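Below, each chain spelled out in residue letters.
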Amino acid sequence: MKNPLAIILILVGLGLGIYGITQLNDSGGSVEIAGIELSAEDSGKKTSAYAMIGFGILSLIGGIGLSKRG
C-alpha cells in the first residue's frame, strides 16, 4: 500500500504548481490606446507565483521520494 503522505504531497505539489502558473499568467496586463501599447506588471504577484511554483516542485519531489522509499 502506498504511503498516504506521499500521495498528499504529490497532489499538493500539483495543485501549487497549477495555481502558481495561473497566477503568473495573470500578473500582467496590457492596453492599446491610439496605436500605443501600454503594459503593466505586478511584481509582488509575480514573486508570489514563482514561490508557489517552487513549493509545488519541492512538494512533488518529496512525495515521489516518499513513494519510492516506502
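Residues numbered from 1 in each chain as written. Predicted model: local features only at pLDDT ≥ 70, side-chain atom pairs only at ≥ 80, totals over all residues. Heavy atoms only, no water.

## Notes on the overall build of the protein chain
Test applied: The helix and strand labels rest on DSSP assignments: H or I over at least four residues marks a helix, E over at least two residues marks a strand, and numbering proceeds from the N terminus. For each residue, the accessible area found with a 1.4 Å probe, counting protein chains only, is set against the maximum for its type, and the residue is called buried under 20%, exposed over 50%, and partly exposed in between. Two residues qualify as a contact provided that any one of their heavy atoms is within 4.5 Å of a heavy atom in the partner residue. Note on areas: Shrake-Rupley with a 1.4 Å probe; residue coverage comes only from the protein chains shown. Residues counted as positive are Lys and Arg, residues counted as negative are Asp and Glu, and His and the chain ends are not counted. Lysine's charge is taken at NZ, arginine's at CZ, aspartate's at CG and glutamate's at CD.
Counting secondary structure elements, the protein chain contains 2 helices and 2 strands. Reported as C-alpha extents along the three principal axes, the dimensions of the protein chain are approximately 65 × 15 × 10 Å. Taking all 70 residues of the protein chain together, 16% fall into the buried category. Expressed as a percentage of contacts within the protein chain between residues at least 6 apart in sequence, the contacts between residues at least 24 apart total 66%. Carbon and sulfur atoms make up 67% of the accessible area of the protein chain, which amounts to about 5,100 Å² in all. With 5 positive and 5 negative side-chain charges, the protein chain shows a separation of 27 Å between the mean positions of the two kinds.

## Points about unusual backbone geometry
Despite not being glycine, A34 has its phi angle at roughly 50°, a positive value. Positionally, A34 belongs in the loop between strand 1 (28–33) and strand 2 (36–41). Note on A34: relative accessible area 78%, which makes it exposed.

## Some points on the pairing of strand 2
This is how it is decided: Each pair of strands is called paired provided DSSP finds at least two bridges between the two strands.
With 0 of its 6 residues buried, strand 2 lies for the most part at the surface. Bridge count for strand 1 against strand 2 is 6 bridges, and the pairing is antiparallel. Counted as the bridge partner of I33 is I36 from strand 2.

## Focus on the confidence of the model for the protein chain
Our working definition: Across the chain, each position has a pLDDT score giving the predictor's confidence in that residue, from 0 to 100.
Of the residues in the protein chain, 97% have a pLDDT of 70 or more, and the chain-wide mean is 88. Across the protein chain, element-level confidence peaks in helix 1 (residues 4–25) with a mean pLDDT of 93 and bottoms out in strand 1 with 78.

## Quick notes on the environment of I57
For I57, the location among the structural elements is in helix 2 (residues 43–69). Among the residues examined, I57 registers a relative accessible area of 47% and is labelled partly exposed. The spatial distance from the C-alpha of I57 to the C-alpha of P4 is 18 Å, given a sequence separation of 53 residues.

## Brief notes about helix 2
Here is the rule: Every helix has an expected span of 1.5 Å times one less than the residues it contains.
With 27 residues, helix 2 extends 39 Å between its outermost C-alpha atoms, agreeing within 8% with the 39 Å of an ideal straight helix rising 1.5 Å per residue. Residues of helix 2 that are buried: A49, I53, G56, S59 and G63.

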